[in-house]
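Here are the chains, one letter per residue:
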Amino acid sequence: MTNQEINLKFAALQTEHQRKFNTKLIPTAANICGLRLPDVRKIAKEIIHDDWRQWLTTAENTYMEHIMLQGIVIATAPMECTERMQRLQGFIPKIDNWAVCDSVATSLKIRPADKEAWWQFAQARLDSEQTYEIRFGLVLMLHAFVEEKYLPAIFAHTSRIPCNEYYVSMAVAWLLSVCCVKFNGQTVRYLQNGTLDKETHNRTIQKCVESFRIPAETKEQLKQLRRK
């Protein structure tokens, strides 16, 4: 598929209503066309059925949706784990908003044989100084690694990484709320230890309270841990 064909699809699918909605929802995105995520995913599937490697060498970066399209193709096209990681490392610096970050990270389908390699990949992202690279690692963890064996490391990472950036802080809160869904006792004890900064701590509790998958008694316990 050529860039011209993709842009024709963008023109046919975009709406002013969606553009305004996305602009409000994704304030850090540089330039928004106005497509729904399912439409971007559909175009990505069409590209994958063509010569997607060649397309990636010439792909446009005009709109946020162009960037998102590249990321979803990289995350879902058939390739070996090593190639996908290399391509993602080159792609991640393009991310300037939570929507591209999260849609790409949660598109990854991780084979059991590759899981430890992806765990190392996710952890390495947390050593970055870039907001959306850190967030990518956190979202990848909540997408694929909220398991008992990884829980101590998740708690250790969320305690150490700087959360002065809002989109990092919110990703930590989201990750820990997913941990609370699956391991509420361990997560409550972690929050009782008070290793998070005040804002991230309270955001985590709020995410847990808003979850439909956390028991009411756990939510009441968490409410008592809010910091003033």
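Before reading on, note that the structure itself is shown above.
Residues numbered from 1 in each chain as written. Predicted model: local features only at pLDDT ≥ 70, side-chain atom pairs only at ≥ 80, totals over all residues. Heavy atoms only, no water.

### A short note on the overall build of the protein chain
Piece 1. For the protein chain, the helix and strand inventory stands at 14 helices and 0 strands.
Piece 2. In sequence order, the protein chain lays out its α and β elements as α-α-α-α-α-α-α-α-α-α-α-α-α-α.
Piece 3. The contacts of the protein chain with a sequence gap of at least 6 include a subset with a gap of at least 24, amounting to 70%.
Piece 4. A total accessible area of about 11,400 Å² is found for the protein chain, and carbon and sulfur atoms account for 51% of it. (Helix = DSSP H or I, 4+ residues; strand = E, 2+ residues; numbered from the N terminus. Contact = heavy atoms within 4.5 Å. Areas by Shrake-Rupley, 256 points an atom, 1.4 Å probe, with all protein chains shown as cover.)

### Topic: the layout of surface pockets
Piece 1. By volume, the largest pocket amounts to about 230 Å³.
Piece 2. Lining the largest pocket are 16 residues, and of these Ile26, Leu37, Met68, Trp98 and Ala99 lie nearest its centre.
Piece 3. Among the elements of the structure, helix H2 (16-25), helix H3 (37-48), helix H5 (64-76) and helix H7 (98-105) are those that each provide at least two residues to the lining of the largest pocket.
Piece 4. Among the residues making up the lining of the largest pocket, the classes are represented as 10 nonpolar, 3 polar and 3 charged. (1 Å grid on protein atoms, 1.4 Å probe; cavity = no way out; pocket = protein on both sides within 12 Å on 5 of 7 lines; lining within 4 Å. Points joined across faces, edges and corners; volume = space filled by probe spheres on them. Nonpolar A, V, L, I, M, F, W, Y, C, P; charged D, E, K, R; others polar.)

### Comments concerning the environment of Thr23
Piece 1. Mapped onto the elements, Thr23 comes out in helix H2.
Piece 2. The sequence separation of Thr23 and Gly34 amounts to 11 residues, and the corresponding C-alpha distance is 8.3 Å.

### A few points about the nonpolar core
Piece 1. In this structure, Ile47, Leu69, Val73, Leu88, Trp118, Phe136 and Leu138 are the most contacted members of the largest nonpolar core, which totals 81 residues.
Piece 2. Broken down by element, the residue count for this core peaks at 10 residues, all from helix H11 (residues 166-182).
Piece 3. Filtering out sequence-adjacent residues up to four positions away, Val73 remains in contact with Ala44, Ile47, Ile48, Trp52, Trp55, Leu56 and Met79. (Core = buried A, V, L, I, M, F, W, Y, C linked by side-chain atoms within 4.5 Å. Buried < 20%, exposed > 50% of the residue type's maximum accessible area, 1.4 Å probe, protein only.)

### Considerations on the packing of helix H10 (residues 151-160) against H11
Piece 1. Contact pair H10 / H11: the axes reach a minimum separation of 11 Å and the direction vectors enclose 155°. Considering the angle they form, H10 stands roughly antiparallel to H11. Along this stretch, H10 crosses H11, giving a crossing that reads as left-handed. Counting all contacts with H10, which are made through Leu151, Ile154, Phe155 and Thr158, the residues of H11 involved are Val172, Leu175, Leu176 and Cys179. (Axes fitted to C-alpha atoms, helices over the stretch in contact; angles between N-to-C directions. Parallel < 35°, antiparallel > 145°, perpendicular 65-115°, else oblique. Left-handed = near helix turned anticlockwise from the far one by under 90°.)

### A few points about H7
Piece 1. Burial of H7 is extensive: 7 of the 8 residues sit out of reach of the surface.
Piece 2. Among the residues of H7, Ala99, Val100, Cys101, Asp102, Ser103, Val104 and Ala105 are the ones counted as buried.
Piece 3. Lining the buried residues of H7 we find H3, H5, helix H6 (81-91), helix H9 (131-144) and H11.
Piece 4. Taking the backbone nitrogen of Ala99 as reference, a side-chain oxygen 3.1 Å away marks Asn97 as the first, capping residue of H7. (Polar contact = N/O pair within 3.5 Å; in protein donor to acceptor, adjacent residues only side chain to side chain.)

### Topic: the state of the cysteines
Piece 1. What the rule picks out here adds up to 0 disulfides.
Piece 2. Of the cysteine sulfurs around Cys101, a residue in no disulfide, the closest is that of Cys163, at 14 Å.
Piece 3. Assessed through its relative accessible area of 0%, Cys101 is described here as buried. (Disulfide = S-S within 2.5 Å.)

### Focus on the side chain of Asn3
Piece 1. One can find Asn3 in helix H1 (residues 3-13).
Piece 2. Classification of Asn3 by relative accessible area gives buried; the value is 19%.
Piece 3. Of the polar contacts made by the side chain of Asn3, one reaches the side chain of Trp55; its length is 3.2 Å.
Piece 4. What Asn3 contacts, discounting residues up to four positions off in sequence, is Trp55, Thr58, Ala59 and Glu60.

Spatial relationships are all this shows, so hold off on functional conclusions.
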